[in-house]
Amino acid sequence: QVHLVESGGGLVHAGGSLRLSCAASGSIGSIDAMGWYRQSPGKQRELAATITSGGSTNYADSVEGRFTISRDNARNTVALQMNSLLPGDTAVYYCHARVRTVGTMWRSDYWGQGTQVTVSS
């Protein structure tokens, strides 16, 4: 089993910054992509940013230039630095990892429990 634990959400004024962190633990053989998704009330979960094990990144258009994703492969962690936050960034943010568990060749998707980010105007 693999577990993802997030931290770093909270309440911030528009224009402020927050940093989200996520640590993966358990029977990890290797991790392919890691990323952050977000879900606002009444909306579907959407991609915010992803990063491959090689460091290639992908951002949603709405966060490009304001958010920066990074990861530490040795520690199985991923972080999301969020700057110039807008009220529209208010959502529950979920950490994601595509993991090959120890002893298998299969990849599975794992999710964190989510952390609330609220941006006030």
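Refer to the structure printed above.
To start, this report covers the structure provided alongside it. (Residues numbered from 1 in each chain as written. Predicted model: local features only at pLDDT ≥ 70, side-chain atom pairs only at ≥ 80, totals over all residues. Heavy atoms only, no water.)

Description of the sheet that holds strand 3 (residues 18–26)
(1) Moving on: Read across the open sheet, the four strands follow the order 1-3-8-7; overall the sheet is antiparallel. Edge positions in the sheet fall to strand 1 (2–7) and strand 7 (67–72), since each has one partner strand and no second. Each strand axis lies, on average, 15° off the axis of its neighbour in the sheet, ignoring direction.
(2) Moving on: Summarising the sheet, strand 7 and strand 8 (residues 77–82) pair through six bridges and their orientation is antiparallel. When the bridges of strand 8 are listed, Ile69 appears paired with Leu80. (Pairing = 2+ DSSP bridges. Helix = DSSP H or I, 4+ residues; strand = E, 2+ residues; numbered from the N terminus. Axes fitted to C-alpha atoms, helices over the stretch in contact; angles between N-to-C directions.)

Let's talk about the pattern of salt bridges
(1) Moving on: Per the stated rule, a full pass over the model turns up six salt bridges.
(2) Moving on: Two residues, Arg38 and Glu46, come together in a salt bridge whose shortest N-O distance is 2.9 Å.
(3) Moving on: Looking at Arg38, the relative accessible area reads 5%, which means it is buried.
(4) Moving on: The structure contains a network of salt bridges with shared partners spanning Arg38, Glu46, Arg66 and Asp89. (Salt bridge = Lys/Arg side-chain N within 4 Å of Asp/Glu carboxyl O. Buried < 20%, exposed > 50% of the residue type's maximum accessible area, 1.4 Å probe, protein only.)

Regarding unusual backbone geometry
(1) Moving on: The phi torsion at Asn76 lies on the positive side, around 55°, for a residue other than glycine.
(2) Moving on: If you trace the backbone, Asn76 turns up in the loop between strand 7 and strand 8.
(3) Moving on: Phi angles above zero are rare outside glycine, and Ser84 is one such case at about 50°.
(4) Moving on: Within the fold, Ser84 resides in the loop between strand 8 and strand 9 (91–101).

Some remarks on the environment of Gly88
(1) Moving on: Relative to the elements of secondary structure, Gly88 occurs in the loop between strand 8 and strand 9.
(2) Moving on: Taking C-alpha positions, Gly88 is 9.3 Å from Ser62, a pair spaced 26 residues apart along the chain.

Overview of the environment of Arg38
(1) Moving on: Secondary-structure assignment places Arg38 in strand 4 (residues 28–39).
(2) Moving on: Setting aside residues up to four positions removed in sequence, Arg38 forms contacts with Gln44, Arg45, Glu46, Ser62, Val63, Phe67, Asp89, Ala91, Val92 and Tyr93.
(3) Moving on: Here the side chain of Arg38 touches Asp89 through a polar contact of 2.9 Å, side chain to side chain. (Contact = heavy atoms within 4.5 Å. Polar contact = N/O pair within 3.5 Å; in protein donor to acceptor, adjacent residues only side chain to side chain.)

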